[in-house]
Amino acid sequence: MKKKITTLTEAVKAYQGSIEAFKNRFTGRKGALAGLFKSLKSVSAEEKQKVGKELNALKKLISNKLEELTKVEGASALSTRSVVDPTLPPRSGTLGSLHPLRVMERKIVEIFKKIGFVVAEGNEIEHDFYNFSALNFPKDHPARDMQDTFFLDEKKEWLLRTHTSPVQIRMMSKGQPPFRMVAPGRVYRNEAISARTHCMFHQVEAFYVDKEVTIADLKGVLLHFIQSLFGSEQTMRLRPSFFPFTEPSVEVDMSCVFCAQKGCNICKKSGWVEILGAGMIDPNVFKACEIDPTRYRGFALGMGIERISMLYYQIEDVRLFTENDVRFLRQFATFH
Ligand code: PHE
C-alpha cells in the first residue's frame, strides 16, 4: 500500500500530458486514487490513520496538479488565438464619404460664396404664403399646377416646398436690401419617379437685390457660374420663359459639354443643354416682402442639383442618387 502511494505520488509529480488523460488516469471513480481509497479498508487499524493521511496528501497533490495543468492549457490556448498588443496604432474603420449631391451642392455654393453671396436656408415644410402667394402665384392660378404639390392639410395651407424660391421671401421679408444670398435645399414634387424625375430633389437658389441691379448683372453672374463649374470655354444663351415671380424670366442653356456643340444625344443634336431658370424679381414679390419696388431691383436664379450633377458626371438616371448603391456612390467618394 505504502509503495503504491509513493509510486502514484511520483507519477503525479512527473506528469506532463493533457488534462484529459490526467483525469482518466488519476481522478474519478475508476481512477488510481479512488482505487487506493478503496483498499484503505483492508489496512490494519493502527496503520489506517497514517495511510489515510498520506492518501489525503496525495489527493491534495492531484488537485493542485490539475489546477496547474488547467492554467497551462488555458495560457497556450490564448497564445494560439490573437495576442493583444495595446501599443499598435488602431486599425482605421471604413469611413463614409460625401454623397455626390452634397459634393455638387458644395461646389455650387462655393462659387457663389466667392463672389459675395451669403448662405441661407429655409424650411422644407412651408406655408402657402412663402411657397406661392408671396411669389406672385395668384390663388387658383394654373401656374400653381406647374409644380405638383404635396399638401399637408385639407385647407392646403401647409405643404412640402416645391422649390427653394420661398427662401427669397423668408429673407427679404425679414429686412431691407441689399441681399446677396445663395440657398441650397431639398424640395418635393408629387411626380412619378422615373429616370428623369423624382418626387424629392435638391435645388440651389441665388438672388441679389440692390438699387442698381440689372439683367446685365444676372448675365455676368450666370456666365461666371457656368464657366467656374464647367470650364472657361463654355458659353450660354438665354431663352424667354415664364415664372410668376420673375419678369422677364429666362431659361438658361449652356453649350453642350459632351459634344463641344457638334450635336449629340444628350443635347438632342442642338448643341445646347438647359441648366437653370432665372429672371428679374417681379415687383409684386418685393411688395409682398414690404420692399419698395421703385427703389430696389434684383435678380433670382434657381437650379436643380441633380440635373447639374447628371450633366457634370454624365449620369443618366436620377434614381441612382437615392438608391444608395455603394458601387455608384464610391465613384464620387470625397471625404471632406
Ligand atoms: N423656382 C423655380 C423652379 O423651381 C426656378 C427659378 C428660381 C426660376 C429663381 C427663376 C428664378 O422652377
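What counts, and where the lines are drawn
- Residues numbered from 1 in each chain as written.
- Predicted model: local features only at pLDDT ≥ 70, side-chain atom pairs only at ≥ 80, totals over all residues.
- Heavy atoms only, no water.
- Phe/Tyr/Trp six-rings, centres within 6.5 Å; stacked < 30°, edge-to-face > 60°.
- Buried < 20%, exposed > 50% of the residue type's maximum accessible area, 1.4 Å probe, protein only.
- Lys NZ or Arg CZ within 6 Å of the ring centre and 35° of its normal.
- Axes fitted to C-alpha atoms, helices over the stretch in contact; angles between N-to-C directions.
- Helix = DSSP H or I, 4+ residues; strand = E, 2+ residues; numbered from the N terminus.
- Parallel < 35°, antiparallel > 145°, perpendicular 65-115°, else oblique.
- Left-handed = near helix turned anticlockwise from the far one by under 90°.
- Contact = heavy atoms within 4.5 Å.
- Nonpolar A, V, L, I, M, F, W, Y, C, P; charged D, E, K, R; others polar.
- Pairing = 2+ DSSP bridges.
- Near = heavy atom within 4 Å.
- Polar contact = N/O pair within 3.5 Å; in protein donor to acceptor, adjacent residues only side chain to side chain.
- 1 Å grid on protein atoms, 1.4 Å probe; cavity = no way out; pocket = protein on both sides within 12 Å on 5 of 7 lines; lining within 4 Å.
- Sits in = over half its atoms within 2 Å of the grid points.
- Core = buried A, V, L, I, M, F, W, Y, C linked by side-chain atoms within 4.5 Å.
- Expected span 1.5 Å × (residues − 1).
- Arc of directions from axis to C-beta.
- Salt bridge = Lys/Arg side-chain N within 4 Å of Asp/Glu carboxyl O.

(A) Focus on the packing of aromatic side chains. Applying the stated criterion to the full structure yields 14 aromatic pairs. Aromatic side chains F112 and F117 sit 5.3 Å apart centroid to centroid with 75° between the ring planes, which places their arrangement in the edge-to-face category. Residue F112 shares its accessibility class with F117, and that shared class is buried. An aromatic cluster of at least three residues, connected via ring pairs, comprises F230, Y312, Y313, F321, F328 and F332. A cation over an aromatic ring shows up here: R170 above the ring of Y130, its NZ or CZ 4.1 Å from the ring centre.

(B) Spatial organisation of the packing of helix α5 (residues 100–114) against helix α8 (residues 215–230). It is at 10 Å that the axes of α5 and α8 come closest, and there the two elements cross at 135°. Overall, the two elements α5 and α8 adopt an arrangement that is oblique. Relative to α8, the crossing made by α5 is right-handed. Note on element contacts: α8 touches α5 through V221, H224, F225, S228 and L229, opposite M104, K107, I108, I111 and F112. When its residues are assigned to classes, the contact of α5 with α8 shows 7 nonpolar, 2 polar and 1 charged.

(C) Region of the structure containing the pairing of strand β6 (residues 236–243). The sheet contact formed by β6 and strand β7 (residues 246–255) spans 7 bridges and is antiparallel. From the neighbouring strand, F243 faces β7, where its bridge partner is T246. Once β6 ends, the chain turns through 2 residues before running back antiparallel as β7.

(D) Inspection of the site of the ligand at higher detail. Taken together, 14 residues lie around the ligand, and H163, S165, R189, Q203 and G302 are the ones closest in. Taking S165, its side chain carries an N or O atom lying 2.9 Å from a nitrogen atom of the ligand. At 3.0 Å, a side-chain N or O of R189 approaches an oxygen atom of the ligand. With respect to the detected pockets, the ligand is housed in the largest pocket. If you list the elements that add at least two residues to the shell around the ligand, you get β5 (200–210), β8 (272–281) and β9 (297–304). Element by element, the count of residues in the shell around the ligand is highest for β9, at 3 residues. For the shell around the ligand, the residue count by class is 5 nonpolar, 7 polar and 2 charged.

(E) Layout of the packing of helix α1 (residues 2–14) against helix α2 (residues 19–26). Where α1 contacts α2, the axes come no closer than 12 Å and their chain directions differ by 170°. Taken together, the axis directions place α1 and α2 in an arrangement best described as roughly antiparallel. Here L8, A11 and V12 of α1 lie close against α2, whose contacting residues are F22, R25 and F26. For the contact of α1 with α2, the class distribution of residues is 5 nonpolar, no polar and 1 charged.

(F) Looking closely at the nonpolar core. The biggest cluster of nonpolar side chains holds 45 residues, and the ones touching the most others in it are F112, F225 and L301. Sorting the residues of this core by element identifies α5, β5, α8, β7, β8, β9, α10 (305–313) and α12 (326–329) as the ones contributing at least two each. Looking at this core element by element, the count peaks at 7 residues for α8. For F225, the residues in contact, after removing those within four places along its chain, are I108, I111, F112, I275, L276 and M303. Counting 24 residues, the second-largest nonpolar core is a separate cluster that includes A134, L135, I169 and M181.

(G) Looking closely at α8. Helix length check: α8, at 16 residues, gives a terminal C-alpha distance of 22 Å against a target of 22 Å (1.5 Å per residue), a fit within 8%. Every buried residue belonging to α8 is among L218, V221, L222, F225, I226, L229 and F230, and all of these are buried. Seen along its axis, α8 keeps its buried residues to an arc of 130°; they face one direction. The backbone nitrogen of A216 has a side-chain oxygen 3.1 Å away, supplied by the residue at the start of α8, namely T214. Of the residues flanking the end of α8, it is G231, one or two places downstream, whose phi is positive at about 120°.

(H) Looking closely at the sheet that holds β7. Pairing in this open sheet of 7 strands is mixed, and the strands run β1-β4-β5-β9-β8-β7-β6 from one edge to the other. In this open sheet, the two strands that pair with only one neighbour each are β1 (118–119) and β6. Sitting on the sheet, α5 is in contact with β1, β4 (179–188), β5 and β9, with an inclination near 165° to β4. Lying over the sheet, α8 contacts β6, β7, β8 and β9, oriented at roughly 30° with respect to β9.

(I) Focus on the pattern of salt bridges. Taken as a whole, this structure holds 11 salt bridges when the rule is applied. In this structure, D253 and R237 form a salt bridge, with 2.9 Å as the shortest nitrogen-oxygen distance. Pair noted here: D253 is in strand β7 and R237 is in strand β6, with a separation of 16 residues, a long-range link. Classification of R237 as partly exposed rests on a relative accessible area of 33%. Put simply, R239 and D253 hold a salt bridge, and the shortest N to O gap is 2.8 Å. Taken together, the residues span a long stretch of sequence, with R239 in strand β6 and D253 in strand β7 at a distance of 14 residues.

This is a description of form; function is not addressed.
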